[in-house]
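# Overview (structure and organization)
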Amino acid sequence: MGGTVWREHGGRPDVIVVGGGVVGCSIAYRLAADGRRVLLLERRGLAAGASGRNGGMTGGGSSLHAASSVGRAVAALTAANLALLRAVPDELGAEIELRLPGTLDVISTPEQHAHLAAAVASQREGGGGIVLLDRDEARAVMPALSPAILGAAFAADRGHLWPFALVHAFAAAARRHGAELRIGSAAERLLRAGDRVVGVVAGGERIAADEVVLATNAYTPALLPELPPGAIVPARGQILVTRPLPPLLTVPFGTNFDKEYGRQTPDGRILCGGYRRLDAGEGLGATAERVSPPVLAGIARCLTGLFPALAGRARVARAWAGIMGFTADGLPLLGPYGPAPGLTLAAGFNGNGFSWAAAAGRAVADLLAGRDPGLDLAPFRPDRFAAGGAAWRNPYTAGEGVGERGAA
Ligand SMILES: Cc1cc2nc3c(=O)[nH]c(=O)nc-3n(C[C@H](O)[C@H](O)[C@H](O)COP(=O)(O)OP(=O)(O)OC[C@H]3O[C@@H](n4cnc5c(N)ncnc54)[C@H](O)[C@@H]3O)c2cc1C
């Protein structure tokens with residue numbers, strides 16, 4: 001049944017999903033496939049937010065919580081996500097250019113070496129498929145790496161994909177299952193009956209539904225102002241892209257506490273991002289999707305420093321900025337929002353939406369159907385910051401000692 005059909009018959013949606021990024025589209029697909037009448041509202045365009053402006057790395061999850069029950073929950077979510085991504089071509093008939101050759105976290109200072117040696121040991125304790133390589137071993141995996149590097153951590157089961165294609169694959173599948181995706185439609189506010197959320201107001205229209213899911217990432221506090229300050233903070237990231245080059249990067253890479261990262265697309269373009277610390281205020285609190293020359297210059301230096309063959313050879317084709325939703329502990333807010341029955345949150349995906357969104361979609365559909373999602377979602381409880389507010393410390397500054405810093 002098409003989404004417009006249920007509307008024409010005077011029906012109302014069972015579930016309203018707000019947000020047309022990878023998370024919202026993944027959720028809309030799973031709910032519609034479950035037979036729910038779904039209305040997705042997206043105020044700009046599909047993948048117009050972070051989901052269309054990211055690096056496309058996947059499988060990494062978050063290493064901030066290794067070797068703890070939280071780390072195990074993150075690893076399980078990441079593994080479930082990877083399994084769903086692998087299934088996408090057959091399940092949805094979509095080519096998302098998923099490549100999983102493993103990734104290298106490149107070490108170029110003794111400080112990074114000490115940090116990664118400890119991180120690898122603790123991730124191995126938690127069962128992660130990760131090994132520390134010396135310089136020659138790392139250069140055997142990716143010969144283009146500079147001989148000046150000190151080594152790298154190689155993590156299996158990680159790689160990259162084409163983010164835009166994944167979002168559109170989920171969106172198309174949601175439509176095939178009868179969801180209505182209303183583009184250019186902003187949810188202005190939640191409709192409430194007492195504590196309960198009973199719908200949204202969009203374009204002045206009051207739209208009632210049994211359930212509302214906010215997949216609005218960085219923009220969630222605007223619709224849910226009672227979230228403690230700092231629970232989700234916008235953070236600007238920037239990416240630089242070269243014109244197509246012959247194959248050079250055999251695997252995606254990260255470096256400098258994973259703050260810089262990059263990959264080569266199957267058609268030869270090299271994408272690289274990072275250097276947020278050269279943005280005003282590290283890009284925290286920024287909502288303008290605007291690039292800044294110091295950040296782009298830092299990214300270019302990172303590329304030519306790690307891969308000397310690129311110096312004088314790579315041509316920049318374009319650059320862009322996008323806004324992430326950072327949380328105080330680097331983990332998403334995923335599940336029913338306790339203080340407001342009828343409301344589910346799936347927001348705050350930090351720099352890892354493509355490691356978690358597919359699994360998050362299925363988990364939300366399971367929760368709303370009363371099924372056991374088969375995942376430990378306790379660490380992602382959306383109201384976990386309620387008690388004392390969010391004690392905010394940029395999780396991505398953790399582990400960094402003296403590094404390159406620019407004028408704020
Ligand atoms: C530069 C950069 C690099 C990144 N690199 C990676 C990477 O390599 N790997 C990785 O996994 N992740 C990466 N990320 C993070 C990743 O992009 C996000 O985690 C992911 O896209 C989050 O998806 P989302 O659907 O939650 O959010 P978004 O894609 O931001 O979608 C939210 C949507 O909600 C809509 N919206 C907001 N408010 C309303 C409203 N009131 N009404 C209607 N619609 C509304 C917005 O328009 C937007 O389209 C990166 C992000 C950036 C910016």
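Residues numbered from 1 in each chain as written. Predicted model: local features only at pLDDT ≥ 70, side-chain atom pairs only at ≥ 80, totals over all residues.

### Comments concerning helix α4 (residues 110-125)
- Between its first and last C-alpha atoms α4 spans 23 Å; for 16 residues at 1.5 Å apiece the expected length is 22 Å, and the two agree.
- Restricting attention to buried positions, one finds in α4 the residues Gln-112, Leu-116, Ala-119, Val-120 and Gln-123. The buried side chains of α4 occupy one side of the element, clustering within an arc of 105 degrees when seen end-on. Looking at α4, the residues exposed on the side facing more than 90 degrees away from the buried face are Pro-110, Ala-118 and Glu-125. (Helix = DSSP H or I, 4+ residues; strand = E, 2+ residues; numbered from the N terminus. Expected span 1.5 Å × (residues − 1). Buried ≥ 20, exposed ≤ 12 C-beta atoms within 10 Å, placed from the backbone. Arc of directions from axis to C-beta.)

### A look at the site of the ligand
- Inspection of the region around the ligand gives 40 residues, with Gly-21, Gly-49, Gly-237, Gly-322 and Gly-353 positioned closest.
- Of the residues in the shell around the ligand, the class split is 16 nonpolar, 20 polar and 4 charged.
- Looking at which domains feed residues into the shell around the ligand, each of domain 1 (3-53 + 164-226 + 329-385) and domain 2 (101-159 + 232-328) supplies at least three. (Near = placed C-beta within 6 Å. Nonpolar A, V, L, I, M, F, W, Y, C, P; charged D, E, K, R; others polar. Domains from an automatic or database assignment.)

### Notes on the domain arrangement of the protein
- Segmenting the protein into domains produces domain 1 (3-53 + 164-226 + 329-385) and domain 2 (101-159 + 232-328).
- Inter-centroid distance (C-alpha atoms) of domain 1 to domain 2 is 31 Å.
- Domain 1 puts 18 residues into the contact, and the matching count from domain 2 is 12 residues.
- Considered class by class, the residues forming the side of domain 1 that touches domain 2 number 9 nonpolar, 7 polar and 2 charged. (Contact = placed C-beta atoms within 7 Å.)

### Re helix α3 (residues 69-92)
- Its 24 residues place the ends of α3 33 Å apart at the C-alpha level, agreeing with the 34 Å of an ideal helix rising 1.5 Å per residue.
- Bending of α3 peaks at approximately 35 degrees at the position of Arg-86, with proline Pro-89 no more than four residues after it.
- Along α3, the residues that are buried comprise Gly-71, Val-74, Ala-75, Leu-77, Thr-78, Asn-81, Leu-82, Leu-85 and Val-88.
- Buried residues along α3 sit in contact with β3 (57-58), α6 (163-176) and α9 (353-369).
- Where α3 terminates, the next one or two residues include Gly-93, which has phi positive at roughly 60 degrees. (Bend = angle between axes of the 7 residues up to and from the residue.)

### With respect to unusual backbone geometry
- At Asn-217, a position not held by glycine, the phi torsion is positive, near 40 degrees.
- Structurally, the position occupied by Asn-217 is in the loop between β12 (211-214) and α7 (220-223).
- In the Ramachandran plot, Asp-258 falls in the positive-phi region, its phi being about 65 degrees despite a non-glycine side chain.
- Locating Asp-258 in the fold gives a position in the loop between β14 (253-255) and β15 (260-264).
- The class of Asp-258 is buried, set by 23 C-beta atoms lying within 10 Å.

### Points about the sheet that holds strand β13 (residues 232-242)
- Strand order across the open sheet formed by 8 strands is β5-β6-β4-β14-β15-β16-β13-β17, with mixed pairing between neighbours. Every other strand in the sheet has two partners, leaving β5 (130-134) and β17 (316-327) as the edge strands with one partner each. Taken pair by pair, the neighbouring strands of this sheet meet at an average axis angle of 20 degrees, ignoring direction.
- With 5 bridges connecting them, strand β4 (residues 103-107) and strand β6 (residues 151-155) associate as antiparallel partners. Counterpart to Leu-104 in the pairing with β6 is Phe-154. (Pairing = 2+ DSSP bridges. Axes fitted to C-alpha atoms, helices over the stretch in contact; angles between N-to-C directions.)

### What about the nonpolar core?
- Residues Ala-28 and Ala-174 are the most contacted members of the largest nonpolar core, which totals 118 residues.
- Structurally, this core is a two-domain feature, drawing no fewer than three residues from each of domain 1 (3-53 + 164-226 + 329-385) and domain 2 (101-159 + 232-328).
- Not counting chain neighbours up to four residues away, the residues in contact with Ala-28 comprise Val-17, Val-38, Leu-40, Ala-174 and Ala-179. (Core = buried A, V, L, I, M, F, W, Y, C linked by C-beta atoms within 7 Å.)

### Here's the deal with the environment of Val-70
- Looking at the secondary structure, you find Val-70 in helix α3.
- Accessibility expressed as a C-beta count within 10 Å gives 19 for Val-70, which makes it partly exposed.
- When the C-alpha positions of Val-70 and Ala-378 are compared, they lie 8.5 Å apart, and in sequence the two are 308 residues distant.
- Beyond its immediate chain neighbours, meaning those up to four positions away, Val-70 contacts His-65 and Pro-379.

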